[in-house]
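Topology and contacts: notes
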Amino acid sequence: MKILVLPGDGIGPEITQATLAVLDRANAEFKLGLEWDQRDIGLTTLKSKGSTLPDDVMEAARKAPGIILGPVDHLIYPSREQGGINPSGEFRVKLDLFANIRPAKSRMGVGLTGKPIDLVIFRECTEGFYGDRNMFMGRGEFMPTEDIAIAIRKVTARQCQRISRVAFDWARKRRKKVTAVHKANVLHMSDGLFLREVRKVAQEYPDVELDEKIVDAMAALLVRNPDKFDCIVTGNMFGDILSDEASEISGGLGLAGSTMAGDDACCAQAQHGAAPDIQGQDKANPVSLMLSAAMLFDWLAMRHKRPEFDAAAKVIEAAIDSALQKPETRTPDIGGKLGTQAFGKHIASLI
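A short tour of the structure in this document, coming up. (Residues numbered from 1 in each chain as written. Predicted model: local features only at pLDDT ≥ 70, side-chain atom pairs only at ≥ 80, totals over all residues. Heavy atoms only, no water.)

For helix 6 (residues 190-202), spanning 13 residues, the distance from its first C-alpha to its last is 19 Å, which sits close to the expected 18 Å at 1.5 Å a residue. If you check which residues of helix 6 are buried, you get Ser190, Asp191, Leu193, Phe194, Leu195, Glu197, Val198, Val201 and Ala202. Looking at the buried side of helix 6, the elements it contacts are helix 5 (157-173), strand 8 (177-182), strand 9 (209-214), strand 10 (231-234) and helix 8 (236-250). (Helix = DSSP H or I, 4+ residues; strand = E, 2+ residues; numbered from the N terminus. Expected span 1.5 Å × (residues − 1). Buried < 20%, exposed > 50% of the residue type's maximum accessible area, 1.4 Å probe, protein only. Contact = heavy atoms within 4.5 Å.)

A word on the packing of helix 1 (residues 12-29) against helix 9 (residues 287-304). Direction vectors running N to C along helix 1 and helix 9 enclose 40°, while the axes themselves pass 9 Å from each other. What the angle tells us is that helix 1 and helix 9 run oblique. Considering the relative orientation of helix 1 and helix 9, their crossing is right-handed. Contact with helix 1, carried on its side by Ile15, Thr16, Ala18, Thr19, Val22, Leu23 and Ala26, involves Leu289, Met290, Ala293 and Phe297 of helix 9 and no other residues of that element. For the contact of helix 1 with helix 9, the class distribution of residues is nine nonpolar, two polar and no charged. (Axes fitted to C-alpha atoms, helices over the stretch in contact; angles between N-to-C directions. Parallel < 35°, antiparallel > 145°, perpendicular 65-115°, else oblique. Left-handed = near helix turned anticlockwise from the far one by under 90°. Nonpolar A, V, L, I, M, F, W, Y, C, P; charged D, E, K, R; others polar.)

Quick look at the sheet that holds strand 9 now. Judged by pairing direction, the sheet is mixed, and its 10 strands sit side by side in the order 2-1-3-12-11-4-5-10-8-9 without closing on themselves. Both edges of this open sheet fall to strand 2 (35-38) and strand 9, since each of them pairs with a single strand only. In this sheet, neighbouring strand axes are inclined to one another by 25° on average, regardless of whether the strands run parallel or antiparallel. Sheet topology places strand 1 (residues 2-6) next to strand 2; four bridges connect them, and they run parallel. When the bridges of strand 2 are listed, leucine 4 appears paired with aspartate 37. (Pairing = 2+ DSSP bridges.)

Turning our eyes to something else, we now look at the pattern of salt bridges. For the coordinates displayed, the defined rule picks out 32 salt bridges. The salt bridge partner of glutamate 59 is lysine 63, with a shortest N-O separation of 3.9 Å. Residue glutamate 59 and its partner lysine 63 are located together in helix 3 (residues 55-63), separated by four residues, close to a single helical turn. Relative accessible area serves as the criterion here: at 37%, glutamate 59 is assigned to the partly exposed category. Residue classification places lysine 63 among the exposed positions, given a relative accessible area of 65%. When the shortest N-O distance is used, the salt bridge between arginine 306 and glutamate 308 registers 2.3 Å. Within this structure, Asp37, Arg39, Lys49 and Asp56 form a network of salt bridges that share partners. (Salt bridge = Lys/Arg side-chain N within 4 Å of Asp/Glu carboxyl O.)

Scanning the model with the defined rule gives zero disulfides in all. Between cysteine 267, a free cysteine, and cysteine 266, which holds the nearest cysteine sulfur, the sulfur-to-sulfur gap is 7.2 Å. (Disulfide = S-S within 2.5 Å.)

This paragraph deals with helix 3. Inspection of helix 3 places Val57, Met58, Ala60 and Ala61 among the buried residues, and these make up the whole buried set. Along the axis of helix 3, the buried positions cluster into a sector of 160°, meaning they face one direction only. Residues of helix 3 that are exposed and point over 90 degrees away from its buried face: Asp55 and Lys63. (Arc of directions from axis to C-beta.)

Let us now look at the side chain of threonine 329. Note on placement: threonine 329 falls in the loop between helix 10 (307-324) and helix 11 (340-349). Within the structure, the side chain of threonine 329 is placed 2.6 Å from the backbone oxygen of alanine 323, a separation counted as a polar contact. With residues near it in sequence (within four places) discarded, threonine 329 still touches Ala323, Leu338, Phe343 and His346. (Polar contact = N/O pair within 3.5 Å; in protein donor to acceptor, adjacent residues only side chain to side chain.)

With 66 residues, the main nonpolar core has Ile68, Phe122, Phe297 and Ile316 as its most contacted residues. Considering every element that reaches this core, the biggest residue donor is helix 9, with 12 residues. Look past the residues within four positions of phenylalanine 122 in its chain and what remains in contact with it is Asn100, Ile101, Ile163, Val166, Ala167, Trp170, Cys231, Ile232, Val233 and Thr234. Counting 20 residues, the second-largest nonpolar core is a separate cluster that includes Met58, Tyr77, Ile85 and Leu97. (Core = buried A, V, L, I, M, F, W, Y, C linked by side-chain atoms within 4.5 Å.)

What follows concerns a nonpolar patch on the surface. Side chains of Met135, Phe142, Ile148, Ile150 and Ile152 sit close together on the surface and give an oily, nonpolar patch of about 380 Å² of accessible area. Structurally, phenylalanine 142 can be placed in strand 6 (residues 141-145). (Patch = residues over 30% accessible without salt bridge, like charges linked within 9 Å, V, L, I, M, F, W, Y side chains within 5 Å. Areas by Shrake-Rupley, 256 points an atom, 1.4 Å probe, with all protein chains shown as cover.)

Here is the structure:
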């Protein structure tokens, strides 16, 4: 099985190298039979090939059983017409990776609020207000005059059902509670449709409790009572914002994994950005990408009925949790002294 590895921009190559050191060890220990197909994307290929996502990489992504995607600095990419393509957005649409799954867990005891956090946010990530992915042709935003900008929000029953089922499936294996986050008090039709479909799916899971929260109240409740939540399902923009908030109060974006998953493909992606300000300094924390890769292993175990991948994922996560308990085996951003590569080698030694 050959996994496509795309290091990305900024600190991406450094944290990818550290992550592969861990995955190589897991590959050998659990006899996973993995190979890596590593290719450049982002600013490197924009300069060499005129595109941040060359056609050959996109074709490799279509064929790969799994993808590991490092952070990309897409905010500074040129327009699409000039070769600037956001790889994560493109993968979500072209590979039907509709479910952005983002756990938030206080791995060093308690979160920043002083309360333990262990929840997962399920974000539908192919539609909503995101203009780069919610239209068949063109963009879902436009300017009829230089002083007026209009954005279109797209919500479909099918995608609401799909993301809801993923959340309820996970809840059934966790604490059996799903919270649907919306703004139906204002967005009557689009979020009304979302809630209608979530409630329909909930009827298929009588053993799972369904809770509903308005998004602004949810933002406050994540700070006040994060321990009250288990699985949270929502749309693209709300999920994007709330998952960053949840990750930050649980310890930081650098400690949170993330996958973009569909029925037939899955991509592991760090939650944080490319951090060009610390590029090349061996300071970057690779935990987010490592945990994301472990989540990819979980998906591969389920999709291909390979329990050894699930076992490897559990060992990787346990090794990371063990290292985070001691300041001497952490990276500098969380009070430690280990550089990026040294941290990777340490985690690998625990597997």
